[in-house]
Structures are given as structure tokens and as C-alpha cells.
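# A look at the structure
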Amino acid sequence: MSTILNALSAPTQYINVNGTNYAYRRFGKPSYIPLVGFQHFTGTLDNWDPVILDGLAQEREILIFDNAGVGNSTGETPDNVADMAHDAVDFLKALGITKIDVLGFSLGGFIAQYLADKYADLIRKIIIVGAAPQGVKVLEGFNNLIGKAMQKDPAERFLYIFFTATDASRAKGKETLQRLFTRTEDRDRETAQESILAQMTAITRWGSDPVTIDLKTIQHPVLIVQGSNDEMMDSDNSYSLFKQLPNALLSYYPDSAHGSFYQYPEVFVSEANHFLKTF
């Protein structure tokens with residue numbers, strides 16, 4: 001059990017599962033049920049905001065990991081959410097973990113929904129940030145949005161995807177970027193092109209494949225967090241999630257986009273800790 005409270009000092013560890021070497025970090029206050037982070041498109045261990053992780057780690061253990069083929073993890077990245085979820089479950093089983101809380105961001109929010117439906121007994125509570133239910137039309141434009149983003153330099157690409165065009169939002173984005181690069185040693189590799197293409201396919205398929213999850217049957221407590229202007233997911237789709245999930249809370253953050261909790265880390269930590277502790 002980890003006794004490291006600080007995300008930046010948590011070492012990267014590895015475990016081999018079915019031939020895949022998974023990279024992960026465990027830290028925070030020892031707890032029976034860890035909070036497991038499921039990351040966004042192309043995101044690695046180092047794309048989690050340390051302010052958010054440290055705030056959550058004061059009250060529970062945190063586990064973040066690179067799923068198959070992502071960052072420092074070996075293996076092949078699946079081109080669909082279901083297999084991403086199955087890989088994650090195999091990883092958790094190998095660590096001896098039988099019950100988790102979930103923090104799913106973007107693509108990770110898709111995986112969270114799948115886990116809640118297919119692995120209900122594994123989950124206690126779920127936090128979904130910047131995601132959408134299956135079958136949403138907005139994901140038809142995902143590849144075009146990413147294409148526009150890739151024409152920009154890395155810093156502007158990050159701001160374009162995760163923040164609005166206002167000066168206030170962009171300023172918060174620049175602060176976030178600084179935090180994401182605070183860790184200078186033992187950093188992750190950037191996600192390889194093959195994995196990026198597989199993730200792009202998985203995301204578009206989440207919108208185009210037949211809907212298999214009946215959200216109305218998911219009984220877990222769920223906290224949904226969304227920005228007021230998330231072009232990638234269409235902010236209204238978080239309201240759709242809220243309307244279908246029977247035991248959900250919904251929180252919209254003002255003047256924010258896909259990276260709403262990046263922009264308001266202290267607000268998010270307060271809401272998330274309260275939800276995980278009391279709701």
C-alpha cells in the first residue's frame with residue numbers, strides 16, 4: 001500500500017499482464033477503494049493535473065496507468081472502447097484490486113460507462129469529465145477537429161482542444177501546461193502514432209457503432225463534470241448523460257471547454273472529494 005502523497009514524487013511502476021507491460025503510479029492516503037484514473041485521447045500518466053491528483057490523494061489512494069499501447073505501456077492499443085475496458089480490468093485484477101472508484105476523462109469517460117454496465121460489481125462510484133453517451137453525432141466531426149488542432153504548435157493545440165478562446169480561459173490553460181510539465185524526471189513517452197490512430201477509431205466508433213449500453217440501468221452514483229463550451233463532445237451531451245443515469249449529479253463550469261477541470265482544479269477537487277465521501 002502506497003504511503004506517497006504527492007503525485008510528482010510517485011515512481012512509475014510496471015506489471016506484466018498477458019504479455020503487456022503496464023506503466024502505473026500509486027500514491028495517496030491508503031484506502032480500501034482506490035480512485036482509478038482513465039485518461040483522455042493520447043493522454044499519459046503525465047497529462048493528469050498534479051493539483052487535482054494531490055487534492056484527491058489527501059483522502060484516498062490514487063492509481064493512474066497507461067492502458068495497452070499508450071505512453072510507457074507496451075502492447076497494442078485497441079480500436080474500440082470495449083477492449084480498452086477489458087484490458088483495464090485485466091490490469092486491475094493483476095494488482096489484486098477488486099473494487100474501485102472511477103475518474104474517467106473524455107475517452108476515459110467512455111470506458112467508465114462501459115465498466116459500469118459490464119463490470120458493475122467492480123465499481124463503487126464514478127466521476128465522468130468531458131464525455132458523452134454512445135451514439136452521439138458530434139463524434140462524426142472528431143477527426144476534423146483533431147486535424148485542425150494538429151496544424152497548431154503543441155501549446156496552441158492544447159489550448160485549442162481544452163480551453164475556450166477567451167483571455168481568461170487561455171490564461172488558465174497556460175497555467176495548466178506549466179503544471180503538467182512540473183515533473184521533469186521519470187516522465188512518460190508520448191503516445192505512439194499507431195496508438196493515436198487506434199484511439200481515434202475507438203472514439204468515432206463510440207458515436208457510430210450500435211448503442212449497447214442502457215444508461216438507465218446503471219445504479220452507481222455518478223458525478224458528471226462538463227465545460228460550458230466543449231466543442232469536442234458538445235456540452236449538451238453531458239445533460240443527456242445526466243437525464244439517463246438514475247443516480248447522477250451534473251456540474252457545468254463557466255467559460256470552459258473540454259478541459260473544464262483543468263481550468264477549475266480547486267473547484268473540481270472540492271466537488272469530487274465531497275461526492276466520493278458523502279454522496
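Residues numbered from 1 in each chain as written. Predicted model: local features only at pLDDT ≥ 70, side-chain atom pairs only at ≥ 80, totals over all residues. Heavy atoms only, no water.

### Comments concerning unusual backbone geometry
To keep it simple, the criterion reads: Helix numbering and strand numbering both begin at the N terminus, where a helix is a DSSP run of H or I of at least 4 residues and a strand a DSSP run of E of at least 2. Buried means the residue's accessible area, taken with a 1.4 Å probe over protein chains only, is under 20% of the maximum for its type, while exposed means over 50%, and partly exposed covers the values in between.
Positive phi outside glycine occurs at N18, with the angle close to 55°. Of note, N18 is situated in the loop between β1 (13-17) and β2 (20-28). Judged by its relative accessible area of 68%, N18 is exposed. One non-glycine residue with positive phi stands out, namely T42, at about 70°.

### Some points on the side chain of R183
Note the following rule: Each polar contact in these results corresponds to two N or O atoms within 3.5 Å; when the atoms are within protein, one needs to be able to donate a hydrogen and the other to accept it, and residues that are neighboring in sequence are counted only if both atoms are side-chain atoms.
Along the chain, R183 falls in the loop between α6 (167-180) and α7 (193-208). Within the structure, R183 has its side chain in polar contact with the backbone oxygen of A10 (distance 2.7 Å).

### Regarding the packing of aromatic side chains
The description of an aromatic ring pair uses the distance of the two centres, along with the angle that the planes make with each other. Basically, it comes down to this: Only rings of Phe, Tyr and Trp enter the pairing, Trp through its six-membered ring, and a pair is recorded when the two centres are within 6.5 Å. The plane angle decides the type: under 30 degrees is stacked, over 60 is edge-to-face, the rest tilted. Here, a charge over a ring means that NZ of Lys or CZ of Arg falls within 6 Å of the ring centre while also lying within 35 degrees of the ring normal.
This model, assessed by the stated rule, comprises 19 aromatic pairs. Relative to F65, the ring of F38 has its centre 5.5 Å away and its plane inclined at 90°; by these criteria the two rings are edge-to-face. Taken as a pair, F38 in strand β3 (residues 35-38) and F65 in strand β4 (residues 61-65) lie far apart in primary sequence, 27 residues in all. The buried category is assigned to F65, whose relative accessible area is 4%. Look at F275 and F279: their rings are 5.7 Å apart centre to centre, the planes differ by 25°, and that puts the pair in the stacked class. One aromatic cluster is present, formed by F105, F158, F162, F163, F261, Y262 and F268 through successive ring pairs. A cation sits over an aromatic face here: K125 above F275, 5.5 Å from the ring centre. When the ring centre of Y160 is taken as origin, the NZ or CZ atom of K152, which lies over that ring, is 4.9 Å away.

### Some details on the nonpolar core
In a soluble, globular protein the nonpolar side chains are often hidden away together inside. Heads up, the rule is: Remark: nonpolar core denotes a set of buried residues (Ala, Val, Leu, Ile, Met, Phe, Trp, Tyr, Cys) joined through side-chain atoms within 4.5 Å. In what follows, a contact means two residues having at least one pair of non-hydrogen atoms within 4.5 Å.
In terms of nonpolar packing, the biggest core is built from 89 residues, with F38, F91, I100, F110, I127 and F268 touching the most fellow members. Excluding residues within four positions of it along the chain, F110 makes contact with V81, A131, A132, L139, I203, W206 and M233.

### Here we look at the pattern of salt bridges
Put simply, the rule reads: What makes a salt bridge here is a side-chain nitrogen of Lys or Arg within 4 Å of a carboxyl oxygen of Asp or Glu, nothing more.
Within this structure, the stated rule accounts for 12 salt bridges. For R25, the salt bridge is made with D46, and the minimal N-O distance between the two is 3.0 Å. In this pair, R25 sits in strand β2 while D46 sits in the loop between β3 and α1 (50-57), placing the two residues 21 residues apart along the sequence. Comparing R25 with D46 shows no difference in burial state: the two are buried. The partner of R26 in a salt bridge is E61, and the shortest N-O contact between them spans 2.9 Å. Pair noted here: R26 is in strand β2 and E61 is in strand β4, with a separation of 35 residues, a long-range link. Summarising the burial analysis for this pair, R26 and E61 share the class buried.

### Let's talk about the pairing of β4
Counted only if it meets this: We treat two strands as partners when DSSP finds at least two bridges between them.
Taking burial as the measure, the 5 residues of β4 include 5 buried ones, the bulk of the element. Residues E61, L63 and F65 point to one face of β4 and I62 and I64 to the other, with burial holding for every one of them. Direction of pairing for β2 relative to β4: antiparallel, over a ladder of 5 bridges. Along β4, the bridge assignment pairs F27 with I62. With 3 bridges joining them, β3 and β4 adopt parallel strand pairing.

### Describing the side chain of T164
Positionally, T164 belongs in the loop between α5 (154-162) and α6. For T164, a relative accessible area of 9% gives the class buried. A distance of 3.2 Å separates a polar atom in the side chain of T164 from a polar atom in the side chain of T166. Within polar-contact distance, the side chain of T164 engages the side chain of D255 at 2.9 Å. Excluding residues within four positions of it along the chain, T164 makes contact with S169, R170, N229, D255, S256 and A257.

### Here's the deal with the layout of surface pockets
Think of a ball as big as a water molecule: rolled over the atoms, this probe shows where empty space is left. What counts is decided by this rule: Think of a 1 Å grid over the protein atoms and nothing else: a 1.4 Å probe that fits but is trapped marks a cavity, an open set flanked by protein within 12 Å on at least five of seven lines marks a pocket, and residues with an atom within 4 Å of a point count as lining. Grid points are joined across faces, edges and corners, and a volume is the space filled by probe spheres set on the points.
The computed volume of the largest pocket comes to approximately 820 Å³. If you go around the largest pocket, you meet 29 residues; those closest to its centre are H40, T42, N47, R157 and E190. Elements represented by at least two residues in the lining of the largest pocket include exactly α4 (142-150), α5, α6 and α7. When residues in the lining of the largest pocket are grouped by element, the largest group, 6 residues, is from α5.

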